[in-house]
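Take a look at the letters that make up each chain.
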Amino acid sequence: METVEKIQQQISENPIILYMKGSPKLPNCGFSAQASQALMTCGEEFAYVDILQNPDIRAELPKYADWPTFPQLWIDGELVGGCDIIMEMVQQGELQTLVKESAAKRAK
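Residues numbered from 1 in each chain as written. Predicted model: local features only at pLDDT ≥ 70, side-chain atom pairs only at ≥ 80, totals over all residues. Heavy atoms only, no water.

A. Seen up close, the sheet that holds strand S3 (residues 72-75). Judged by pairing direction, the sheet is mixed, and its 4 strands sit side by side in the order S2-S1-S3-S4 without closing on themselves. Two strands in the sheet have a free side with no partner beyond their single neighbour: strand S2 (47-50) and strand S4 (78-81). Taking each pair of neighbouring strands and ignoring which way they run, the sheet shows an average axis angle of 25°. Two strands pair when backbone bridges link them, and S3 and S4 are joined in this way by 3 bridges, in the antiparallel orientation. Bridge pairing in S4 places Trp74 opposite Leu79. Across the sheet, helix H2 (residues 30-41) lies against strand S1 (16-20) and S3, angled at about 165° from S1, the strand it touches most. (Pairing = 2+ DSSP bridges. Helix = DSSP H or I, 4+ residues; strand = E, 2+ residues; numbered from the N terminus. Axes fitted to C-alpha atoms, helices over the stretch in contact; angles between N-to-C directions. Contact = heavy atoms within 4.5 Å.)

Given below as structure tokens:
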């Protein structure tokens, strides 16, 4: 499977997915730590991909997403953004709403 196909499959199969350095329990950078912590406070399950363990995804995702940095949060197939955007959305209560709406769609 081509890397871009793998990325598309991950995004389509996981309503909430975070591409990050490390894992939510053991993040390998401060930005990934903040992003995963913010997602965890929303109280819904999410998938993650450790780009340090997947150098092919680390190389291809920025081109695919047209977004140069990590972490990258995708919800319902759409790129939400990186750490700064995630933290801004948390402060405004937008991330919690977006995550809850995505989870509600799955529950049906």
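So, next bit.
B. Focus on the pattern of salt bridges. For the structure on display, the rule yields 4 salt bridges. For Lys6, the salt bridge goes to Asp56, with nearest N and O atoms at 2.9 Å. Taken together, the residues span a long stretch of sequence, with Lys6 in helix H1 (residues 3-13) and Asp56 in helix H3 (residues 55-65) at a distance of 50 residues. The exposure class assigned to Lys6 is partly exposed, which follows from its relative accessible area of 26%. Classification of Asp56 by relative accessible area gives partly exposed; the value is 28%. For Lys63, the salt bridge is made with Glu60, and the minimal N-O distance between the two is 3.3 Å. (Salt bridge = Lys/Arg side-chain N within 4 Å of Asp/Glu carboxyl O. Buried < 20%, exposed > 50% of the residue type's maximum accessible area, 1.4 Å probe, protein only.)

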